[in-house]
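Now for the letters of each chain:
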Amino acid sequence: MCGIVGYVGPGSSLDVLLGGLKRLEYRGYDSAGVAVLADDGTIGSRKRAGKLGVLVDELDAAPITDGRTGIGHTRWATHGGPTDVNAHPHFGDGGRLAVIHNGIIENFAELKAELIADGEVFESETDTEVAALLIGRAFRETGDVTAAMQQAVARLEGAFTLLALHADAPGVVVGARRSSPLVIGLGEGENFLGSDVAAFVEHTRRAMEIGEDQIVTIRPDRVDVTDFSGAPAQAKEFEIAWDASAAEKGGWPSFMKKEISEEPEAVANTLRGRVHDGAVTLPELDEVAGMLGDVNRVLILACGTAAYAGMLGKYAIEAWARIPVDVELSHEFRYRDPVLDERTLVVSVSQSGETMDTLMAVRYARDRGARTLSICNTQGATIPRESDAVLYTHAGPEVAVASTKAFVAQVTALYLLGLHLATLRGTLAAPDVAGVIAELESVPAKLSTVVESASARIAELAHWMSDTQSVLFLGRHVGFPVALEGALKLKELAYIHAEGFAAGELKHGPIALIEPGQIVFVVVPSPRDPSSLHKKVVSNIQEIRARGARVIAIAELGDVAVVPFADEVIRIPLAAPFFEPLLTVVPLHIFGMELATAKGLDVDQPRNLAKSVTVE
Ligand code: F6R
């Protein structure tokens, strides 16, 4: 939550900051602000409630002098509502020091009382202003922004990324991070800071990770990283794997539409280089091969859509590698005294790699001896850095707040992990592994077919249903997580009440919800599957149809058994059961997006949400 960008160099700070904020807006979009140090030693600042466009209009109407040192912020409100006054930057040292912040300062109330008692006056309701005043006071003592930051962070509790610039220190921006994201962008004669690499990828693809409890000082020609006590620290350099165009709309009406169209590519890129001659090769797991061979239990931790990907991972890993797998919401996990040991493999799944609930759960598990593996889409993020191993998904930057292409990439990575474990443990014979891989490799082309064939009809259905109040989603086995995902997308994008159910659970209560006209999406398993699930789901459809439900079935090509009972059938290509979810989820992603569009809503930035949830 909250996007942060900092710049020092010969270019226009305003251009860099506004470009960076545009690409970080997915992190929070209820207010935005910038502070720029001009060559005459004055700080110009503008900050406004509302989306970034409001700030840009304000800068047009009331320009500030551009400069070569600047910081910018896009906010997701925590302390204090989204108002102009609460927007960042906040100021210390009589307006000569500007600070932006992401995270929550947990002891802000005590610090605020102490500062007020000492004569400081607060303008906003934010916790950030406490940090600004503390750094400002420390600067008056030390005359150095880095030293001032060091003194101030020693007083702060909680999670934070802070950036500061001072009118007396041209060409210097100082950042500090604790349990909140911050990366460095390395340019030629210029340097950058950002909540993630999207902030500066337009200017450089060389980046550096900053560790926990570290302070970084950027100048145009150097970068210094220390720990909170001032001792020099190592920072790891890496090359950003995508370029700026990947994080741009490129002519699409929304990022979400673009990202749904990229679902085939997300699967293909996650597989690329990892499957050869019918076998899985995951060199990134070589260092932990011993540990993987020894594992007797897998625990998948994630939130939201990533947790639904985790459920699919559970079904596949248990089936292929014969290891017991549990999936747990990260925020529930550490509050129930879970049983863990060194033979438990904790697999965290996170697009952003910064979700605080998941990060805290991983730390908890690690501290209790479990081994940790991160499945993550964001290079240099905190969760992969703090895990024993990482399997990156290669979905490319996901900008729309609701996750789509990251979901299919996460499922793909979990399936690769399942095959890898099955190979290590000898639970699948080589020809079976090769068969599963062949299925996986055929998914991207099938996905493209679904995107092309289903989009127009689903858009029509969504427009026709734009005043619908409630939609239910049913699925069974691997169709169940897909039903949950369909319901979540509809809630968050179209603000419609939606529930996903395991179809078998219906008769245990939820069927009471069915009344004439209730729309129900049903994810139908393949009739070719040897289990009797197809028949059972068709019976479920008949049960709800008899009570007046309008049924939209998502079924494979040639499944004629559903036709008499469904008001509409959306077709998917034939696939083996574990691969159906990668196809059946796409119509539901499209449906959520189209229904929100039909209601005139912003599909990329739904209300009250932020892409990267860095508070617990
Ligand atoms: C829903 C959605 C969220 C995220 C969840 C976890 O569309 O995007 O439910 O899946 O907040 O986020 P990551 O994957 O970044 O940990």
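Residues numbered from 1 in each chain as written. Predicted model: local features only at pLDDT ≥ 70, side-chain atom pairs only at ≥ 80, totals over all residues. Heavy atoms only, no water.

Student: For this particular structure, what's the right way to read the domain arrangement of the protein chain?
Tutor: What the domain assignment reports for the protein chain is domain 1 (3–246), domain 2 (249–441) and domain 3 (452–604). On a C-alpha basis, the centres of domain 2 and domain 3 stand 26 Å from each other. Every contact between the two is made by 29 residues of domain 2 and, on the other side, 24 residues of domain 3. Summed over both sides, the interface between domain 2 and domain 3 buries roughly 2200 Å², with carbon and sulfur atoms accounting for 74% of that surface. Linking domain 2 with domain 3 are one salt bridge, by the criterion used here. Put simply, Lys257 and Glu594 hold a salt bridge, and the shortest N to O gap is 3.7 Å. Applying the counting criterion to the domain 2 and domain 3 interface returns nine residue pairs in polar contact (both at pLDDT 80 or more). Counting only elements with at least two residues in the side of domain 2 that touches domain 3, the list comes to helix H6 (255–261), helix H9 (304–321), helix H13 (405–425) and helix H14 (430–464). The element contributing the most residues to the side of domain 2 that touches domain 3 is H9, with nine residues. (Domains from an automatic or database assignment. Contact = heavy atoms within 4.5 Å. Buried area = accessible area lost by both parts, 1.4 Å probe. Salt bridge = Lys/Arg side-chain N within 4 Å of Asp/Glu carboxyl O. Polar contact = N/O pair within 3.5 Å; in protein donor to acceptor, adjacent residues only side chain to side chain. Helix = DSSP H or I, 4+ residues; strand = E, 2+ residues; numbered from the N terminus.)

Student: Looking at this model, I keep getting lost on empty space enclosed by the protein. Mind explaining?
Tutor: Gaps left between atoms show up when a probe the size of a water molecule is rolled over them. All told, the structure shown has three cavities of 30 Å³ or more when counted by the stated rule. Taken as a whole, the largest cavity spans an internal volume of roughly 90 Å³. Looking at the largest cavity, it is lined by 14 residues, and the ones nearest its centre are Arg476, Val478, Gly479, Pro525 and Glu580. For the lining of the largest cavity, the elements supplying multiple residues, two or more each, are helix H15 (479–494) and helix H17 (580–598). Sort the elements by how many residues they give to the lining of the largest cavity and H17 lands first, with three residues. Each residue belonging to the lining of the largest cavity can be placed in one class, and the counts come to eight nonpolar, three polar and three charged. Counted as a void, the second largest cavity has a volume near 80 Å³. Forming the boundary of the second largest cavity are 14 residues, of which Cys2, Trp76, Thr78, His101 and Gly103 lie nearest the centre. (1 Å grid on protein atoms, 1.4 Å probe; cavity = no way out; pocket = protein on both sides within 12 Å on 5 of 7 lines; lining within 4 Å. Points joined across faces, edges and corners; volume = space filled by probe spheres on them. Nonpolar A, V, L, I, M, F, W, Y, C, P; charged D, E, K, R; others polar.)

Student: For this particular structure, what's the right way to read the site of the ligand?
Tutor: As a structural note, the neighbourhood of the ligand is formed by 14 residues, with Ser350, Gln351, Ser352, Thr355 and Glu492 the closest of them. One of the side-chain N or O atoms of Thr355 is found 2.5 Å from an oxygen atom in the ligand. Considering the ligand on its own, with 410 Å² of exposed area, one finds that the protein chains cover 89% of that surface. The pocket occupied by the ligand, as judged from atoms lying within 2 Å of grid points, is the largest pocket. Every element with two or more residues in the shell around the ligand is listed here: H9 and H15. Within the shell around the ligand, the residues separate by chemical class into five nonpolar, seven polar and two charged. (Near = heavy atom within 4 Å. Areas by Shrake-Rupley, 256 points an atom, 1.4 Å probe, with all protein chains shown as cover. Sits in = over half its atoms within 2 Å of the grid points.)

Student: Please explain the environment of Leu419 as it appears in this structure.
Tutor: Relative to the helices and strands, Leu419 resides in helix H13. Each C-alpha atom of the pair Leu419 and Met465 lies 41 Å from the other, and the pair is 46 residues apart in sequence. If we skip the residues at most four places from it in the chain, Leu419 touches Val280, Trp320, Leu428, Val433, Val436, Ile437 and Leu440.

Student: In this structure, what is going on with the side chain of Thr146? I would like to understand it.
Tutor: By the secondary structure assignment, Thr146 is in helix H5 (residues 145–153). Not counting residues within four places of it along the chain, the set of residues in contact with Thr146 comprises Val174, Ile215 and Thr217.

Student: Just to check I follow, could you spell out the environment of Leu21 for this structure?
Tutor: Topologically, Leu21 is positioned in helix H1 (residues 13–24). Expressed as a C-alpha distance, the spacing of Leu21 and Phe200, which sit 179 residues apart in the sequence, is 9.5 Å. Those residues in contact with Leu21 that sit more than four places away from it in its chain are Gly3, Val5, Gly33, Val34, Leu52, Gly72, His73 and Thr74.

Student: Just to check I follow, could you spell out the layout of surface pockets for this structure?
Tutor: Within this model, the largest pocket holds a volume of roughly 670 Å³. Along the wall of the largest pocket there are 30 residues; nearest its centre are Cys303, Gly304, Thr305, Ala306 and Val613. At the level of elements, H9, strand E18 (325–329), strand E19 (344–350), helix H11 (356–367) and H15 are the ones that each hand at least two residues to the lining of the largest pocket. Looking at the lining of the largest pocket element by element, the count peaks at six residues for H9. For the lining of the largest pocket, the per-class residue count stands at 15 nonpolar, 10 polar and five charged. Size it by volume and the second largest pocket reaches roughly 560 Å³. Every residue lining the second largest pocket is counted, 34 residues in all, and those nearest its centre are Trp242, Asn377, Ala395, Gly396 and Pro397. Per-element accounting of the lining of the second largest pocket gives the leading share, three residues, to helix H7 (residues 263–271). Class assignment of the residues belonging to the lining of the second largest pocket gives a composition of 13 nonpolar, 11 polar and 10 charged. Built from parts of two domains, the lining of the second largest pocket gets at least three residues from each of domain 1 (3–246) and domain 2 (249–441).

Student: Looking at this structure, I do not really get the side chain of Thr270. What am I missing?
Tutor: Locating Thr270 in the fold gives a position in helix H7. One polar contact links the side chain of Thr270 to the main-chain amide nitrogen of His394, over a distance of 3.1 Å.

Student: Would you mind going over the nonpolar core with me for this structure?
Tutor: Soluble globular proteins tend to pack their nonpolar side chains together in the buried interior. Judged by nonpolar contacts, the single largest core of 129 residues is most densely connected at Trp320, Val347, Tyr415 and Phe579. Phe108, Leu133, Ile135 and Val174 belong to the second largest nonpolar core, which has 30 residues in total. (Core = buried A, V, L, I, M, F, W, Y, C linked by side-chain atoms within 4.5 Å. Buried < 20%, exposed > 50% of the residue type's maximum accessible area, 1.4 Å probe, protein only.)

Student: Help me out: how do you make sense of the packing of H15 against H17 in this one?
Tutor: When two helices pack together, their arrangement is given by the angle between the helix axes and the distance between those axes. The N-to-C vectors of H15 and H17 enclose an angle of 15°; their axes lie 9 Å apart at closest approach. Classified by the angle their axes make, H15 and H17 are roughly parallel. Crossing geometry of H15 relative to H17 is assigned as right-handed. Between H15 and H17, the residues in contact are Val482, Glu485, Gly486, Lys489, Leu490, Leu493 and Ala494 and Pro581, Thr584, Val585, Leu588, His589, Phe591, Gly592, Met593, Leu595 and Ala596, respectively. Counted by class, the contact of H15 with H17 contains 11 nonpolar, four polar and two charged residues. (Axes fitted to C-alpha atoms, helices over the stretch in contact; angles between N-to-C directions. Parallel < 35°, antiparallel > 145°, perpendicular 65-115°, else oblique. Left-handed = near helix turned anticlockwise from the far one by under 90°.)

Student: Before we go on, may I ask you to explain the sheet that holds strand E6 (residues 97–105) in this structure?
Tutor: Think of a sheet as strands paired side by side through backbone hydrogen bonds, with each pair either parallel or antiparallel. Strands sit in the order E5-E6-E7-E8-E12-E13 across an open sheet of six strands; the sheet is antiparallel. The two strands at the open ends of the sheet, each matched to only one other strand, are strand E5 (90–92) and strand E13 (222–227). The mean angle between the axes of side-by-side strands here comes to 20°, regardless of whether they run parallel or antiparallel. (Pairing = 2+ DSSP bridges.)

Student: Would you mind going over helix H4 (residues 128–142) with me for this structure?
Tutor: In an α-helix, one full turn covers 3.6 residues, which means residues spaced three or four apart are oriented alike. An ideal rise of 1.5 Å per residue puts 21 Å on 15 residues; H4 measures up with 21 Å between its terminal C-alpha atoms. With respect to burial, H4 is a largely interior element, 11 of its 15 residues being buried. Residues of H4 that are buried: Thr128, Glu129, Val130, Ala131, Ala132, Leu133, Leu134, Ile135, Gly136, Ala138 and Phe139. Tucked inside the fold, the buried residues of H4 contact E5, E6, helix H3 (108–117), H5 and strand E7 (158–166). (Expected span 1.5 Å × (residues − 1).)

Student: What exactly am I supposed to notice about the sheet that holds strand E2 (residues 31–37) here?
Tutor: Strand order in the open sheet formed by eight strands is E3-E2-E4-E1-E10-E9-E11-E14, and the pairing between neighbours is antiparallel. Where the open sheet ends on each side, the last strands, each with one partner, are strand E3 (43–49) and strand E14 (237–239). Between one strand axis and the next, the sheet turns by 20° as a mean value, whatever way the strands run. Summarising the sheet, strand E1 (residues 3–8) and strand E4 (residues 69–75) pair through six bridges and their orientation is antiparallel. Counterpart to Tyr7 in the pairing with E4 is Gly70. Against the sheet, H1 makes contact with E1, E2, E4 and strand E10 (191–194), and its axis sits at roughly 155° relative to E1, the strand it touches most.

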